[in-house]
Amino acid sequence: MRPVRAARRMATVLDGISDVLPLSYAVDALTQVTTSSEVDGTLGRNLLVIAGCALVALLLGAGTLRRRTP
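The rules behind each value
- Residues numbered from 1 in each chain as written.
- Predicted model: local features only at pLDDT ≥ 70, side-chain atom pairs only at ≥ 80, totals over all residues.
- Heavy atoms only, no water.
- Helix = DSSP H or I, 4+ residues; strand = E, 2+ residues; numbered from the N terminus.
- Buried < 20%, exposed > 50% of the residue type's maximum accessible area, 1.4 Å probe, protein only.
- Areas by Shrake-Rupley, 256 points an atom, 1.4 Å probe, with all protein chains shown as cover.
- pLDDT = per-residue confidence, 0-100.

Visitor: It is not clear to me how the overall build of the protein chain should be interpreted in this structure. Could you clarify?
Guide: Helix and strand content of the protein chain: three helices and zero strands. Along its sequence from the N terminus, the protein chain presents helices and strands in the succession α-α-α. In the protein chain, buried positions account for 7% of the 70 residues. If you sum the accessible surface of the protein chain, you get close to 6,200 Å²; carbon and sulfur atoms cover 66% of it.

Visitor: So what exactly am I meant to see when it comes to the confidence of the model for the protein chain here?
Guide: Of the residues in the protein chain, 86% reach a pLDDT of 70 or more, and the chain-wide mean stands at 85. Taking the mean pLDDT of every element in the protein chain, the minimum, 71, falls on helix H1 (residues 2-18) and the maximum, 94, on helix H3 (residues 41-64).

Right, dumping it as structure tokens:
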């Protein structure tokens, strides 16, 4: 019976983590685009979160590159 409780807690933890990851927003946006023809605030928010995460990833990547000057 103990593993069932641990699995329920893990599912809650993973559910909370998935709310923060940008892939969740991408899946929601693609689902809305394929099932509905109207653009609303939720789709805009999802696209802004995805674009923001991509920008942050690019900035972090650029910030960690070594600069080589001749």
